[in-house]
Number of protein chains: 2
Amino acid sequence: MTAEEQLIDGALRTWKSSIERFERAFSNLSDDQLEMRVAPGRNRLLYVLGHIVVVHDRMLELLDAGPRRHPELDAFFLLSPDEGGQAPVSGLKLNEMLLDVDAALSNAFSAWAPTDWLSKHTAVSAEDFAKEPQRNRFSVLLSRTVHVQFHLGQVVLTEPRS
Amino acid sequence: MTAEEQLIDGALRTWKSSIERFERAFSNLSDDQLEMRVAPGRNRLLYVLGHIVVVHDRMLELLDAGPRRHPELDAFFLLSPDEGGQAPVSGLKLNEMLLDVDAALSNAFSAWAPTDWLSKHTAVSAEDFAKEPQRNRFSVLLSRTVHVQFHLGQVVLTEPRS
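Within each chain, residue numbers correspond to sequence positions counted from 1 in written order. All chains are assigned letters beginning with A, and all ligands numbers beginning with 1, in the order in which they are written. Local features are withheld for residues below a pLDDT of 70 in this predicted model, meaning they are given only at 70 or higher, and side-chain atom pairs are given and counted only at 80 or more; totals for whole chains, interfaces and linings count all residues. Side-chain numbers here rest on the full set of heavy atoms in the structure, without hydrogens or water.

**Some details on the overall build of chain A**
No. 1: Of regular secondary structure, chain A possesses 8 helices and 0 strands.
No. 2: Labels follow the DSSP assignment, with helices taken as runs of H or I lasting at least four residues and strands as runs of E lasting at least two, numbered in each case from the N terminus. Written out in order from the N terminus, the α and β elements of chain A read α-α-α-α-α-α-α-α.
No. 3: Relative to its length of 162 residues, chain A is compact, with a C-alpha radius of gyration of 17 Å against a globular reference of 15 Å.
No. 4: Overall, chain A is about 45 × 35 × 25 Å in size when its C-alpha atoms are taken along their principal axes.
No. 5: Within chain A, the proportion of its 162 residues that are buried is 50%.
No. 6: The criterion used for residue contact is that any of the two residues' heavy atoms lie within 4.5 Å. Pairs at least 24 apart in sequence give 63% of the contacts found in chain A among residues at least 6 apart.
No. 7: Carbon and sulfur atoms form 51% of the exposed surface of chain A, whose accessible area is close to 7,600 Å².
No. 8: Positive residues here are Lys and Arg, negative ones are Asp and Glu, while His and the chain termini are left out of the count. To locate a charge, take atom NZ for lysine, CZ for arginine, CG for aspartate or CD for glutamate. Taken together, the 17 basic and 23 acidic charged side chains of chain A have centroids lying 4 Å from each other. Note that the radius of gyration is over C-alpha atoms, with the globule rule given as 2.2 Å times the number of residues to the power 0.38. In this scheme, a residue with accessible area under 20% of its type's maximum is buried, one over 50% is exposed, and one in between is partly exposed, where area comes from a 1.4 Å probe on protein chains only. Note on areas: Shrake-Rupley, 1.4 Å probe, and residue coverage restricted to the protein chains presented here.

Next up, the structure:
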């Protein structure tokens, strides 16, 4: 591997371990458990799960890795905080969507060379990118990796204390 | 910047924004506020602060960036869970230590070329590193970035809901 490839490999390993830990945390929760809140008055687990589905689904478009699959979930899981209402989709279905979207991302990532990672993402104009080349796909990968870990830190608070 | 430098720059930006957000979250908390728990029965904010100080202090040694400064804090903030006892150091002092240790790390990072980042960290033998070259300094930077974000996700649960 070249130096660039090694650096990207490191970031992809961190992404992979982060999403796998998140996927595992939700893989066996009942509908009742998904109604638990991460702290009193805060988001339900079901909301956190849907929120990550939406953010990762939007990565497909942001990284120009294909069309997104679930834009209908934005209203509930992204544009509003958790107000405790009935979600538009079941936990079982959200878990399936998560695995599907994460797999689509992995599939795209495996094909990209370093120059692809350093290309602009779709939310920045060519003009702005010329001035701010750090607004590339690699920065999106890093920011979404820390995003899932931010929420993981909350999710573990609902697990039995080890 | 070369491609390698751009990739490292992206990771350093994510590290920097993560630690700055953490430092800000703690910069104005009273001793009473530091006694708040991130969730019922879970770690106090004071413990989370000390935990991050210890983990970042240990990075100095792990990255061969200089001697660590506060090994006496490991027993309370790393090797035991938060049992609610009296901490060996005040919140004010922990905040100072955090800024100091993070600055020492930044100082080291600013001097490293891509080959330095891809060098082994100190907790892996030369023999193992030959087989697992991903166990490099760059991977430590990424794993400690997600670590601070994991705890940030918990810390924000004690803040007034926006």
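There's more to say after this.
**Description of helix 8 (residues 137-155) of chain A**
All names here are of chain A.
No. 1: For helix 8, which comprises 19 residues, the first-to-last C-alpha distance of 27 Å matches the rise-based estimate of 27 Å (1.5 Å per residue) to within 8%.
No. 2: The buried fraction of helix 8 is high, at 16 of 19 residues.
No. 3: Two or three places before phenylalanine 138, at the opening of helix 8, asparagine 136 has a side-chain oxygen 3.1 Å from that residue's backbone nitrogen. Helix span, as expected, comes to 1.5 Å for every residue beyond the first. Counted as a polar contact is a pair of N or O atoms within 3.5 Å, where, for protein atoms, one must be capable of donating a hydrogen and the other of accepting one, and residues adjacent in sequence contribute only when both atoms are in side chains.

**Considering the interface of chain A and chain B**
No. 1: With 37 residues of chain A at the contact, the number on the chain B side is 37 residues.
No. 2: Carbon and sulfur atoms supply 66% of the area that chain A and chain B bury against each other, a total of about 3,200 Å² over both sides.
No. 3: Salt-bridge detection follows one rule: a side-chain nitrogen of Lys or Arg within 4 Å of a carboxyl oxygen of Asp or Glu. Inspection of the chain A/chain B interface yields 0 salt bridges.
No. 4: If you list the elements that add at least two residues to the side of chain A that touches chain B, you get helix 1 (3-26) and helix 8 of chain A. Throughout, buried area stands for the accessible area (probe radius 1.4 Å) lost by two parts on being put together, summed over both.

**Some points on the relation of the copies chain A and chain B**
No. 1: When chain A is fitted to chain B, the best match, at an RMSD of 0.0 Å, comes from turning it 180° and sliding it 0.0 Å along the axis. Both copies are brought into coincidence by an operation consistent with a two-fold rotation axis. Closest approach to the rotation axis within chain A is made by the C-alpha atom of Phe150(A), at a distance of 2.2 Å.
No. 2: The overlap is high: 100% of the interface residues of chain A also sit at the interface in chain B, so the same surface is used on both sides. Our superposition of the copies is a least-squares fit, built on the C-alpha atoms of residues whose pLDDT is at least 70 in both.

**Thoughts on the packing of helix 3 (residues 45-62) of chain A against helix 8 of chain A**
Residue and element names in this part refer to chain A.
No. 1: Structural elements are reduced to axes, namely lines fitted to C-alpha atoms, with helices fitted over the stretch in contact, and the angle between N-to-C directions of any two is expressed from 0 to 180 degrees. One can describe the packing of helix 3 onto helix 8 by two numbers: an axis separation of 11 Å at closest approach and a directional angle of 175°. Taken together, helix 3 and helix 8 sit at an angle that is classed as roughly antiparallel. Along its contact with helix 3, which presents Leu45, Val48, His51, Ile52, Val55, His56, Met59 and Leu62, the element helix 8 presents Val140, Arg144, His147, Val148, His151 and Val155.
No. 2: Gly is placed with the polar residues, together with every amino acid not listed as nonpolar (Ala, Val, Leu, Ile, Met, Phe, Trp, Tyr, Cys and Pro) or charged (Asp, Glu, Lys and Arg). Grouping the constituent residues of the contact of helix 3 with helix 8 by class yields 9 nonpolar, 4 polar and 1 charged. An angle below 35 degrees is read as roughly parallel, one above 145 as roughly antiparallel, one from 65 to 115 as roughly perpendicular, and any other as oblique.

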